[in-house]
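# A structural walkthrough
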Amino acid sequence: MDRIDRKILDLLQQDGTLSVADIGQRVGLSQTPCWKRIQRLEAQGVIQRRVALLDAEKLGLGLTVFVCIEAGDHTQESIERFVNAISTMSEVVEFHRMAGDVDYLLQVVVPDVKAYDLFYKRLIGIVPLKNVSSRFSVERVKSTTALPIEMIAQG
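Model, not experiment: these values are computed from the prediction.

### As for the nonpolar core
Counting residues in hydrophobic clusters, the biggest one holds 19 residues, and the most contacted among them are Val67, Leu106, Val108 and Leu123. Taken together, the elements giving at least two residues each to this core come down to β1 (63-71), α4 (76-87), β3 (104-110) and α5 (113-124). Not counting residues up to four positions away in its chain, the partners in contact with Leu123 are Val67, Ile69, Phe82, Ile86, Met89, Leu106, Leu129 and Val132. In this structure, Ile4, Val27, Ile47 and Ile149 belong to the second largest nonpolar core, which totals 14 residues.

### Re the pairing of β3
Among the 7 residues of β3, 6 are classified as buried, and the element is accordingly described as predominantly covered. As paired strands, β1 and β3 are joined by 7 bridges and run antiparallel to one another. In the strand pairing of β3, Thr64 is matched with Val109. Inspection of the sheet shows strand β2 (residues 92-97) paired to β3 by 5 bridges, in the antiparallel sense. Looking at the pairing, Val92 lines up with Val108 of β3.

### Here's the deal with the packing of aromatic side chains
If you walk through the whole model with that rule in mind, you get 6 aromatic pairs. Judged by centre distance (5.6 Å) and plane angle (40°), the ring pair of Phe95 and Tyr104 falls under tilted. On the basis of relative accessible area, Phe95 is assigned to the partly exposed category, the value being 25%. Overall, the relative accessible area of 5% leaves Tyr104 in the buried class. A ring pair is formed by Tyr116 and Phe119, whose centres lie 5.9 Å apart and whose planes are at 35°; its orientation type is tilted. Here Phe119 and Tyr116 lie together in helix α5, a separation of 3 residues that amounts to about one turn. Cluster of aromatic residues (ring-pair linked, three or more members): Tyr116, Phe119, Tyr120 and Phe136.

The rules behind these values
- Residues numbered from 1 in each chain as written.
- Predicted model: local features only at pLDDT ≥ 70, side-chain atom pairs only at ≥ 80, totals over all residues.
- Heavy atoms only, no water.
- Core = buried A, V, L, I, M, F, W, Y, C linked by side-chain atoms within 4.5 Å.
- Buried < 20%, exposed > 50% of the residue type's maximum accessible area, 1.4 Å probe, protein only.
- Helix = DSSP H or I, 4+ residues; strand = E, 2+ residues; numbered from the N terminus.
- Contact = heavy atoms within 4.5 Å.
- Pairing = 2+ DSSP bridges.
- Phe/Tyr/Trp six-rings, centres within 6.5 Å; stacked < 30°, edge-to-face > 60°.

Structure, rendered in structure tokens:
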């Protein structure tokens with residue numbers, strides 16, 4: 001991945017609606033070579049998809065909860081049932097398996113505490129859990145989907 005690829009990725013992270021011509025102009029390429037680079041990055045899986053980012057609060061989804069989970073059972077069957085169930089819950093916008101004293105970290109977005117309580121009751125019914133602790137976000141200080149492209153090793 002060279003400097004031009006990194007610049008293309010940076011531009012697409014900032015505004016996925018830019019035309020290929022606009023991107024090409026900004027990185028010093030004509031439209032066809034720029035489009036071929038974007039296609040290659042997509043084929044390689046570097047560009048996974050293009051989406052619209054929505055404002056959760058304006059949509060009435062004003063509560064973000066970070067849920068730390070310690071599994072009660074670490075058998076393969078229990079883990080698969082848990083992972084499959086969580087993966088289908090639309091309130092869960094991020095789901096991480098962790099190292100350390102917590103097995104999983106969920107980021108949950110819901111309208112309010114009552115909606116979170118309903119989610120929590122579904123969550124604890126999936127498989128036996130050792131511990132579930134919830135941390136309610138009071139203020140979103142920074143939120144970005146942009147990865148630090150400047151950290152990529154230069155090729």
